[in-house]
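The lines below spell out each chain.
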Amino acid sequence: MALLFFASLAFAQAIDPLPFKDHAQEVRFQNLTRELRCLVCQNENLADSNADLARDLRHEVFNLMQQGKSDEEIKQYLVDRYSDFVLYDPPVNRNTLLLWFGPLVILLAGAAVVVVTVRRRGRAGAVITDDKPANEGDDW
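A brief structural summary. (Residues numbered from 1 in each chain as written. Predicted model: local features only at pLDDT ≥ 70, side-chain atom pairs only at ≥ 80, totals over all residues. Heavy atoms only, no water.)

Points about the overall build of the protein
Here is step 1 of the chain: Within the protein, the regular secondary structure consists of 5 helices and 0 strands.
Here is step 2 of the chain: Ordered by position from N to C terminus, the α and β elements of the protein give α-α-α-α-α.
Here is step 3 of the chain: In the protein, which comprises 140 residues, the proportion classed as buried is 21%.
Here is step 4 of the chain: Within the protein, contacts between residues separated by at least 24 positions form 49% of all contacts whose residues are at least 6 apart in sequence.
Here is step 5 of the chain: Summing over all exposed atoms, the protein offers an accessible surface of approximately 10500 Å²; the carbon and sulfur share of this is 59%. (Helix = DSSP H or I, 4+ residues; strand = E, 2+ residues; numbered from the N terminus. Buried < 20%, exposed > 50% of the residue type's maximum accessible area, 1.4 Å probe, protein only. Contact = heavy atoms within 4.5 Å. Areas by Shrake-Rupley, 256 points an atom, 1.4 Å probe, with all protein chains shown as cover.)

Here's the deal with the nonpolar core
Here is step 1 of the chain: Phe 29, Leu 36, Leu 46, Val 61, Ile 74, Leu 78 and Val 86 are the most contacted members of the largest nonpolar core, which has 19 residues in total.
Here is step 2 of the chain: Put simply, the parts of the chain that give this core at least two residues each are α2 (23-34), α3 (52-66) and α4 (71-82).
Here is step 3 of the chain: When residues of this core are assigned to their parent elements, the largest contribution, 6 residues, is made by α3.
Here is step 4 of the chain: Beyond its immediate stretch of four places on either side in the chain, Leu 36 contacts Asn 45, Leu 46, Val 61, Lys 75, Leu 78, Val 86, Leu 87 and Tyr 88. (Core = buried A, V, L, I, M, F, W, Y, C linked by side-chain atoms within 4.5 Å.)

With respect to the pattern of salt bridges
Here is step 1 of the chain: Here the structure, examined in full by the defined rule, presents 5 salt bridges.
Here is step 2 of the chain: In this structure, Asp 71 engages Arg 28 in a salt bridge whose closest nitrogen and oxygen atoms are separated by 2.6 Å. Of the two residues, Asp 71 is situated in helix α4 and Arg 28 in helix α2; the sequence distance between them amounts to 43 residues.
Here is step 3 of the chain: What makes Asp 71 partly exposed here is its relative accessible area of 28%.
Here is step 4 of the chain: The partly exposed category is assigned to Arg 28, whose relative accessible area is 26%.
Here is step 5 of the chain: Where Arg 55 meets Asp 56, a salt bridge forms, and the shortest distance between an N and an O atom there is 3.5 Å.
Here is step 6 of the chain: The exposure class of Arg 55 is partly exposed, given its relative accessible area of 34%. (Salt bridge = Lys/Arg side-chain N within 4 Å of Asp/Glu carboxyl O.)

In structure tokens, the structure reads:
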């Protein structure tokens, strides 16, 4: 019973009521916070994160919306402050090449290691069988 109580408290912390002017502004806020990354969690967006920094950034986004800033202006403000990493879909540029193509490079390097290892083992097995005369068996 206590476990259910504490689980409900964790869920209650995720609720962060903000005084939106209308439903359209609330939808815009939700869409914008889904496009921004939590810098603490790194694999969650601002809308889903319970981290204190995410809560602060949600309030910052809300305040910027209240000031009449567009989505692009809000994103640019956060990028200027936290770099492209704050965007869930960062642009491809010199600073984000590793982010975009790093996994592919690692995958190709791993495939190259596997191919080289398999070829070496294949050659080593062929050399051992070629050195033995045909009439000799294994020494067991």
